[in-house]
Amino acid sequence: MSAPITARFAPSPTGLLHVGNIRTALHNWMLAKRHGGRFLLRIDDTDKERSREEYVEAARLDLAWLGLEPDGEERQSLRLPVYEAAFDRLRAAGRVYPAYETAQELELKRKIQLGRGLPPIYDRAALHLTDAERAEKEAQGIAPHWRFRLDHDQPIEWIDGIRGPQHFDPAQLSDPVVRRADGSWLYMLPSAVDDIDMGVTDVLRGEDHVSNTALQIQMFTAMGAAPPRFAHEALLVGTEGKLSKRLGSLSVGALREQGIEPQALVALLARLGTSQPVEPIANPAALVESFDLATFGRAPARFDEADLDRLNAAILHQLPYADVVGRVPEGMDEAAWEAIRPNLTRLSDAAEWWRVVTGPVDQPEFDAETKAFLAQAATLLSWSEDPWHSLTGTLKQASGRKGKALFLPLRQALIGRDSGPDMAALLPLIGEREARARLERAAG
Ligand code: GLU
């Protein structure tokens, strides 16, 4: 691809973004960045009843948190006159037509077709109404909804960026309703109008949109525009099946509040469902560099929170102090961060380890022999570049203890627990005076 590309993420602000939605956003962002193109945020808010401003704001915040800043934002609710004009042109060209069936009538038609073993395709009865019949409906006060007339002579074909060559016979599809009787829009036509106006070159979305694409391709053509490139990614499923069941807990905002690092979510979602390995890559440029639709699989990708936790830990273990300053406990400096970082699965765990450094610590009750050993440790403690190794070295000689008998009581006395960060890194942070005081206290 050499010409500049424009991709877009087009959420309907009717709920919080979850990992599935944001994965599509991320892939569009990566596609745009990979080719030096633009990434647009388009708010699909033509549904006045269900759209909420708070969800628009949440979507912006989620994108910003993940570093997926859009190069522009558009809103469908501000573009209604544009859709009206496109609709008028299509109507004048005979590509949209009024239909008067009620939902019950349509349902009955479907049942009859299915009963006869026929596919439930809209029979176009409304297309064949005479002017007089239409006038009669209007006189009865029945407002029409509007259907887009598919061109049955124009086979629908595209090379899908993920699914490969696609073919649909328009005669096997129903003319889609594009506008309701109250004048409101269904998503399909405004979306195609926008993709044309906004110069969208690439539409990358979930495979639940494949049949919409078939219909929209004819809309692009009917409006005199070349359709964009399309690619449909396999959906994301949760460990227990459909994601929709757990949408609340798997919202981007919920993961943020749980203390997941944005880099971890990005690293996971960037590669999930592709043939490329999921790796703790904290630098988005590296992920962008390797982005390739050809590696996307057809099978549903499985989102597992355990993977996210693992990746979160691995990302934390490499994050430099500069990336976390302001989010770590007060007083925690670079050396402390580097000592504690290998033990974290969430950044919030840093507080607990920082308390281990600053004290006080809860020590177990030691037996008399261990107390004597710890008293010896307090006396032998001397400060150097590497106080832990000098202490354990001298103590080994002096006490004859080794292995667990040597290290465990020291650990328990100094940090109040059996395991944790490398003591060689922790001890300098605790400091000589405090370390001696802890050993003396343990020695009772
Ligand atoms: N608002 C539509 C949706 O959320 C957009 C689909 C598209 O990307 O065209 O499903």
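Quick look at the structure, then. (Residues numbered from 1 in each chain as written. Predicted model: local features only at pLDDT ≥ 70, side-chain atom pairs only at ≥ 80, totals over all residues. Heavy atoms only, no water.)

**Considering the pairing of strand β6 (residues 156-160)**
Along any regular strand, the residues point their side chains to alternate faces of the sheet. Cut-off, in case you're wondering: Here's how the labels work: a residue is buried when its accessible area is under 20% of the maximum for its type, exposed when over 50%, partly exposed in between, all with a 1.4 Å probe on protein chains only. The secondary structure listing takes helices from DSSP runs of H or I that are at least 4 residues long and strands from runs of E that are at least 2 residues long, numbered from the N terminus. Pairing between two strands is assigned when DSSP locates at least 2 bridges connecting them.
Where burial is concerned, the two faces of β6 differ: the one with I156, W158 and D160 is buried and the one with E157 and I159 is not. Taken together, the five bridges between β6 and strand β7 (residues 164-168) define a ladder with antiparallel strand orientation. The residue of β7 that forms the bridge with I159 is P165. Between the antiparallel neighbours β6 and β7 lie three residues.

**Some remarks on the sheet that holds strand β8 (residues 177-179)**
Quick note on the threshold: Between N-to-C directions, angles cover 0 to 180 degrees, with each direction set by a line fitted to C-alpha atoms, over the stretch in contact for helices.
The strand order across the open sheet built from three strands is β4-β5-β8, with neighbouring strands paired in antiparallel fashion. Each edge of the open sheet carries a strand with a single partner, namely β4 (96-99) and β8. Geometrically, the sheet is characterised by an average inter-axis angle of 45 degrees between neighbouring strands, direction not taken into account.

**Comments concerning the nonpolar core**
Quick note on the threshold: For our purposes a nonpolar core is just a set of buried Ala, Val, Leu, Ile, Met, Phe, Trp, Tyr and Cys residues, chained together by side-chain atoms within 4.5 Å. The contact criterion used is simple: two residues touch if any of their non-hydrogen atoms lie within 4.5 Å.
Counting 87 residues, the largest nonpolar core has L265, F303, W337, L374, L410 and L439 as its most contacted members. No other element matches helix α1 (residues 19-34), which puts eight residues into this core. Apart from the residues within four sequence positions on either side, F303 is in contact with V19, L236, V237, G238, T239, L250, L268, L269, L272 and L308. Residues L40, F87, W146 and W185 belong to the second largest nonpolar core, which totals 28 residues.

**Overview of the environment of L236**
Looking at the secondary structure, you find L236 in strand β11 (residues 236-238). The exposure class of L236 is buried, given its relative accessible area of 8%. For the pair L236 and L374, spaced 138 residues apart in sequence, the C-alpha to C-alpha distance is 55 Å. Setting aside anything within four residues of it in sequence, one finds L236 in contact with V19, G20, R23, L243, L269, L272, A301 and F303.

**Quick word on the packing of aromatic side chains**
Stated formally: Between the rings of Phe, Tyr and Trp (Trp by its six-membered ring), a pair exists once the centres lie within 6.5 Å; its type follows the angle of the planes, with under 30 degrees stacked, over 60 edge-to-face, and the other angles tilted.
Counted under the stated rule, the structure contains eight aromatic pairs. Geometrically, the ring pair formed by F87 and W146 is edge-to-face, given 5.1 Å between the ring centres and 85 degrees between the ring planes. In this pair, F87 sits in helix α3 (residues 80-92) while W146 sits in strand β5 (residues 145-148), placing the two residues 59 residues apart along the sequence. Its relative accessible area of 3% is what places F87 among the buried residues.

**Details of the sheet that holds β11**
Strands sit in the order β12-β11-β13 across an open sheet of three strands; the sheet is mixed. In the strand order of this sheet, the two ends are held by β12 (241-242) and β13 (301-303), each with one partner. Of the strand pairs in this sheet, β11 and β12 are connected by two bridges, and their pairing is antiparallel. The residue of β12 that forms the bridge with V237 is K242.

**Quick notes on unusual backbone geometry**
One can expect most non-glycine residues to show negative phi and most peptide bonds to be in trans. In this model, G359 is joined to P360 through a cis peptide bond whose omega is -5 degrees. Among the structural elements, P360 can be located in the loop between α14 (350-358) and α15 (368-380).

**Topic: the environment of Y122**
Using the following cut-off: Any pair of nitrogen or oxygen atoms within 3.5 Å is treated as a polar contact; in protein, a donor-acceptor pairing is required on top of that, and neighbouring residues in sequence qualify only through side-chain atoms on both sides.
When you line up the elements, Y122 lands in the loop between α4 (103-115) and α5 (131-139). Take Y122: its relative accessible area is 9%, and that puts it in the buried class. Separated by 51 residues in the primary sequence, Y122 and L173 place their C-alpha atoms 7.9 Å from one another. Not counting residues within four places of it along the chain, the set of residues in contact with Y122 comprises Y97, A99, E101, L106, K109, R147 and S174. A distance of 2.6 Å separates polar atoms of two side chains, one belonging to Y122 and the other to E101. Of the polar contacts made by the side chain of Y122, one reaches the backbone nitrogen of A126; its length is 3.1 Å.

**Some remarks on the site of the ligand**
Operational definition: It suffices for a single heavy atom of a residue to lie within 4 Å of a molecule or strand for the residue to be listed as near it. Only the protein chains shown count as cover for residues, with accessible areas throughout obtained via the Shrake-Rupley method and a probe of 1.4 Å. Polar here means any residue outside two lists: the nonpolar Ala, Val, Leu, Ile, Met, Phe, Trp, Tyr, Cys and Pro, and the charged Asp, Glu, Lys and Arg; Gly therefore counts as polar.
In the neighbourhood of the ligand, the contacting residues comprise R8, A10, S12, D44, Y187, S191, R205 and H209. Within the side chain of R8, an N or O atom sits 2.7 Å from an oxygen atom of the ligand. The separation between a nitrogen atom of the ligand and a polar main-chain atom of A10 is 2.8 Å. Against a free-state accessible area of 300 Å², the protein chains account for coverage of 79% of the ligand. For the shell around the ligand, the per-class residue count stands at two nonpolar, three polar and three charged.

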